[in-house]
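Understanding the architecture of this molecule
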Amino acid sequence: MATLIRSKISNVATSVSNKSQAKVSGMFARMGFQAATDEEAVGFVHCDDLDYEHRQGLQMDILKSEGSEEGGEPPLEGDIHYQRDGTGPLPPSASKDQGVCSELSSQGKPKITAWEAGWNVTNAIQGMFVLGLPYAILHGGYLGLFLIIFAAVVCCYTGKILIACLYEENEDGEIVRVRDSYVDIANACCTPRFPTLGGRIVNVAQIIELVMTCILYVVVSGNLMYNSFPNLPVSQKSWSIIATAVLLPCAFLKNLKAVSKFSLLCTLAHFVINILVIAYCLSRARDWAWDKVKFYIDVKKFPISIGIIVFSYTSQIFLPSLEGNMQNPKEFHCMMNWTHIAACILKGLFALVAYLTWADDTKEVITDNLPSTIRAVVNIFLVAKALLSYPLPFFAAVEVLERSLFQDGNRAFFPNCYGGDGRLKSWGLTLRCSLVVFTLLMAIYVPHFALLMGLTGSLTGAGLCFLLPSLFHLKLLWRKLLWHHVFFDVAIFVIGGICSVSGFIHSLEGLIEAFRINSED
């Protein structure tokens, strides 16, 4: 039986249906639940279009019996294996797909509850990048607080309409799910003239956001270590190099099992750190500078704050996969409501009390404002979290790059970077190492957490969270939309476009100036 399955492996990759892909991907999301607790990066790992290769050869607990028949060691629970040119755990044949999915469903493993889905979304929008929100209040005042609320409302709405784009009405008048991912929605909007253009645009945006997330982790690691030990003769650039040396083994990653073990502990530690920061700020409530919170904005720097706030809410990428793996998809809207309400309240309070405590002295990373007695301990925990978070977006970026450039069948631009035995070729390993080094170079030449975060939020964050969902909603469902839905979609698209362009231009100007200054030094 195992031999027969191996002989059909080349046909399986092209014959698996979209429905079975979504169900198998559901198991990936379920088993990746631990990894999903690693804040922003989780969303990218869960996304269907980013785990295309996984959905072709991903094997779960149901293959344990087959592994035993061959005398091999069954895969460990929680491990994420993927097929590389006939190596690794073998996928089931096309005729077995329905049976496999039925077995998975009967075991109840692919499906998650609304609370578990909410935990994933909460960690995607409540990650360590909230440390930059007080800096946004510094340049935006009360308008910055309003923007935190506005962004929560808009992202909640666009998340819902993005899911609505997955469904259509069949001939019997029933609403059925006809698409599985963000890429599917984008391609449907560009059909028939450019059936793959939309998916490529979404993939490019995802790659940019993934790589920029990796860069931000290196930047924040160097920044936190430098400010924790200012008396040491080590510059921020040197700390970034040390952090990258620690991250270099990420180039050898084959699955996320090793890093996902620490995700939950890291996330819990981050929540504790946030509570400690708020507790310290509350202890200085008598000295709060309410008069420093202004109603006017810094025209030159506030657009950067827009990008920072938007980037902290990005979760749309993995919502289609998440909704498809819920036990009761009807609870999705309710889950989105309470997660974004909670995020809005917590982010607003955190940003406000932190700014009131330090006022005009507020730094890009708020923990740098803490007294030296506790700053070092808190920052070391945050650095550990950043380093353990780095592999997740890095792994997802490598996967989509390898699939798009090296493994996309006849459409691949370069030869496969994996050998016949499934081992990574030397030049493939060089490519991965080069990606790690690229994140280091960006962190060295542009070591500005707020600028990079603002640029990413303005470019890809606004596009994936504001512009594309509203545009896709209008394109696919405009005949069935009520007038107020059309109004909301158009307003979000226009406002999002203005904020995106403005934030991108100002962030880019700041980065160019910072790059020039660092080059002269």
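Just so you know, these numbers come straight off a predicted model, no measurement behind them. (Residues numbered from 1 in each chain as written. Predicted model: local features only at pLDDT ≥ 70, side-chain atom pairs only at ≥ 80, totals over all residues. Heavy atoms only, no water.)

This paragraph deals with the overall build of the chain. When helices and strands are counted, the chain shows 22 helices and two strands. With 521 residues in all, the chain has 57% of them scored as buried. Across the chain, contacts joining residues at least 24 apart in sequence account for 81% of those joining residues at least 6 apart. Carbon and sulfur atoms form 65% of the exposed surface of the chain, whose accessible area is close to 22500 Å². (Helix = DSSP H or I, 4+ residues; strand = E, 2+ residues; numbered from the N terminus. Buried < 20%, exposed > 50% of the residue type's maximum accessible area, 1.4 Å probe, protein only. Contact = heavy atoms within 4.5 Å. Areas by Shrake-Rupley, 256 points an atom, 1.4 Å probe, with all protein chains shown as cover.)

Okay, the side chain of Ser 470 next. Within the secondary structure, Ser 470 is located in helix α21 (residues 449-477). What makes Ser 470 buried here is its relative accessible area of 0%. When near neighbours in sequence (up to four residues on either side) are disregarded, Ser 470 contacts Ile 161, Asp 489, Ile 492 and Phe 493.

So, about unusual backbone geometry. Here the bond from Thr 191 into Pro 192 is cis, since omega is 10°, no more than 30 degrees from zero. Checked against the element boundaries, Pro 192 lands in the loop between α10 (182-190) and α11 (197-228). Despite not being glycine, Ala 359 has its phi angle at roughly 50°, a positive value. Following the sequence through the fold, Ala 359 ends up in the loop between α17 (332-358) and α18 (372-389).

The next point concerns helix α12 (residues 236-247). The end-to-end C-alpha distance of α12 is 17 Å, a good match for the 16 Å that twelve residues give at a rise of 1.5 Å each. Of all the positions in α12, only Gln 236, Trp 239, Ser 240, Ala 243, Thr 244 and Leu 247 are classed as buried. Taken around the axis of α12, the buried residues stretch over an arc of 140°, which confines them to a single face. (Expected span 1.5 Å × (residues − 1). Arc of directions from axis to C-beta.)

Judged by nonpolar contacts, the single largest core of 116 residues is most densely connected at Tyr 313 and Tyr 390. Of all the elements, helix α9 (residues 133-164) adds the most residues to this core, at 16 residues. For Tyr 313, the residues in contact, after removing those within four places along its chain, are Ile 125, Ile 148, Ala 151, Ala 152, Cys 155, His 340, Ala 343, Cys 344 and Lys 347. (Core = buried A, V, L, I, M, F, W, Y, C linked by side-chain atoms within 4.5 Å.)

Turning our attention to the packing of aromatic side chains. For any pair of aromatic rings, the description rests on two quantities: the centre-to-centre distance and the angle between the ring planes. Under the defined criterion, the tally for this structure stands at ten aromatic pairs. Between Trp 115 and Trp 338 the ring centres are 5.0 Å apart and the planes differ by 40°, which places this aromatic pair in the tilted class. One end of the pair, Trp 115, is in helix α8 (residues 114-125); the other, Trp 338, is in helix α17, with 223 residues separating them in the sequence. Here Trp 338 falls in the partly exposed class, since its relative accessible area comes to 31%. (Phe/Tyr/Trp six-rings, centres within 6.5 Å; stacked < 30°, edge-to-face > 60°.)

Direction vectors running N to C along α10 and α21 enclose 50°, while the axes themselves pass 10 Å from each other. One finds that α10 runs oblique with respect to α21. In this structure, α10 meets α21 at a crossing whose hand is left-handed. Contacts between α10 and α21 pair Tyr 182, Ile 185, Ala 186, Ala 188 and Cys 189 from the former with Gly 463, Leu 464, Leu 468, Pro 469, Phe 472, Lys 475 and Leu 476 from the latter. (Axes fitted to C-alpha atoms, helices over the stretch in contact; angles between N-to-C directions. Parallel < 35°, antiparallel > 145°, perpendicular 65-115°, else oblique. Left-handed = near helix turned anticlockwise from the far one by under 90°.)

What follows deals with α9. Counted at 1.5 Å a residue, the expected span for α9 with its 32 residues is 46 Å, but the 31 Å between its end C-alpha atoms falls short. Within α9, 24 of the 32 residues are buried, which leaves the element mostly enclosed by the surrounding structure.

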